[in-house]
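For reference, the chains in residue letters:
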Amino acid sequence: MGLSGCAGESVWAPDEEVTRAAYDHDGPPRLTLYTMLNNSTGAGAHTALMVNGSQRVIFDPAGSFNKSNVLPERNDVLFGITPQVEDVYTRYHARETFRVKVQKLDVSPEVARRTEQAVMNYGAVPQAMCANSTSDILAGIFPGQVTKTWSPRKLSEQFAQLPGTTERVLREYDSDDNSKVLDDWDPERVARAAN
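In every chain, residue numbers begin from 1 and rise along the written sequence. Only residues with pLDDT of at least 70 are given local features in this predicted model, and only at 80 or more are side-chain atom pairs given and counted; all residues enter the totals for whole chains, interfaces and linings. The basis for every side-chain value is the complete set of heavy atoms in the structure, and neither hydrogens nor water enter the calculation.

### Details of the nonpolar core
Argument step 1. The biggest cluster of nonpolar side chains holds 24 residues, and the ones touching the most others in it are Leu-31, Leu-49, Leu-138 and Phe-142.
Argument step 2. For this core, the secondary structure elements donating two or more residues are β1 (30-38), β2 (44-52), β3 (56-59), α3 (109-121), α4 (130-141) and α5 (152-160).
Argument step 3. Once residues within four sequence positions are removed from consideration, Phe-142 is found in contact with Leu-31, Leu-105, Val-107, Val-111 and Leu-162. Each nonpolar core is a collection of buried residues, namely Ala, Val, Leu, Ile, Met, Phe, Trp, Tyr and Cys, held together in the definition by side-chain atoms within 4.5 Å. Each residue is placed in one exposure class: buried if its accessible area under a 1.4 Å probe, protein chains only, is under 20% of its type's maximum, exposed if it is over 50%, and partly exposed if it falls in between. The helix and strand labels rest on DSSP assignments: H or I over at least four residues marks a helix, E over at least two residues marks a strand, and numbering proceeds from the N terminus. In what follows, residue pairs with any heavy atoms lying within 4.5 Å of each other are defined as contacts.

The structure is reproduced here in structure tokens:
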């Protein structure tokens, strides 16, 4: 589980930070499952779920992406997921030793709302439980179609069977030191350019 980050510590950004960061994406209600796969073995290393509901958030259970607290976070839910943040998120995980499978599923507004509520209410996730927690949420949304699993790869295989799921794989060949991706990312500069 080389991509897993900190243990299940409770993190709770203030309301004003979450409100200020909230990003309402104009695309359809959608669930995007990210599965980080080892390029040598094919084994799953990390799982995360992006939800485009009333706002766009990423459920990054026990993940290491927000270790510098750039984004407001509440118990593994990251806020402010603009297209640029989404791009940085996937590139942070893709490198010479890992690829990222990106699976997208357009859903009804009700399914997006329920999923968004489920990730918000899940709580902080302990290390090495990313697929377990994400599959627990998805099993509640798609009963009988997704079952709880500890394996990111098995969860990805189940998600692929949901009607309408599309997928692509992102490969990059950067070194394993992915800190440069975050070092090069300057959210304040991006915000200034948007205004």
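### Structural notes on unusual backbone geometry
Argument step 1. Unlike most non-glycine residues, Asn-75 shows phi in positive territory, near 45°.
Argument step 2. With respect to the helices, strands and loops of the structure, Asn-75 is situated in the loop between β4 (73-74) and β5 (77-78).
Argument step 3. Residue Asn-75 is classed as buried on the basis of its relative accessible area, which comes to 10%.
Argument step 4. Positive phi, normally seen in glycine, also occurs at Ala-128, with a value near 75°.
Argument step 5. On the basis of relative accessible area, Ala-128 is assigned to the partly exposed category, the value being 31%.

### A closer look at α3
Argument step 1. Here the expected span of a helix is defined as 1.5 Å times the quantity of residues minus one. With 13 residues, α3 ought to run about 18 Å at 1.5 Å a step, and its terminal C-alpha atoms sit 18 Å apart, in line with that.
Argument step 2. Considering only its buried residues, α3 is in contact with β1, β2, β3, β5 and α4.
Argument step 3. Of the residues one or two after α3, Gly-123 is the one with positive phi, at around 95°.

### Remarks on the sheet that holds strand β6 (residues 98-106)
What links the strands of a sheet is backbone hydrogen bonding, and the strands pair in either a parallel or an antiparallel sense.
Argument step 1. Pairing between two strands requires that DSSP report at least two bridges joining them. Pairing is antiparallel across the open sheet formed by seven strands, whose spatial order is β4-β5-β3-β2-β1-β6-β7. Looking along the sheet, the strands with just one partner apiece sit at the ends: β4 and β7 (166-170).
Argument step 2. Note that β4 and β5 share two bridges and pair antiparallel. Note that in β5 the partner of Arg-74 across the bridge is Val-77.
Argument step 3. Each axis is a line fitted through C-alpha atoms, taken for helices only over the stretch in contact, and angles between the N-to-C directions span 0 to 180 degrees. Sheet strands in contact with α3 are β1, β2, β3 and β5, and its direction is about 125° off that of β2.
Argument step 4. Against the sheet, α4 engages β1, β2 and β3, with an angle of about 35° to β2.

### Focus: the pairing of β2
Argument step 1. Buried residues dominate β2, accounting for eight of its nine residues.
Argument step 2. Note: β1 against β2, eight bridges, orientation antiparallel. Looking across to β2, one finds that Met-36 is bridged to His-46.
Argument step 3. Between the antiparallel neighbours β1 and β2 lie five residues, among them Gly-42 with a positive phi of about 80°.
Argument step 4. Relative to β3, β2 is paired through four bridges, and the arrangement is antiparallel.

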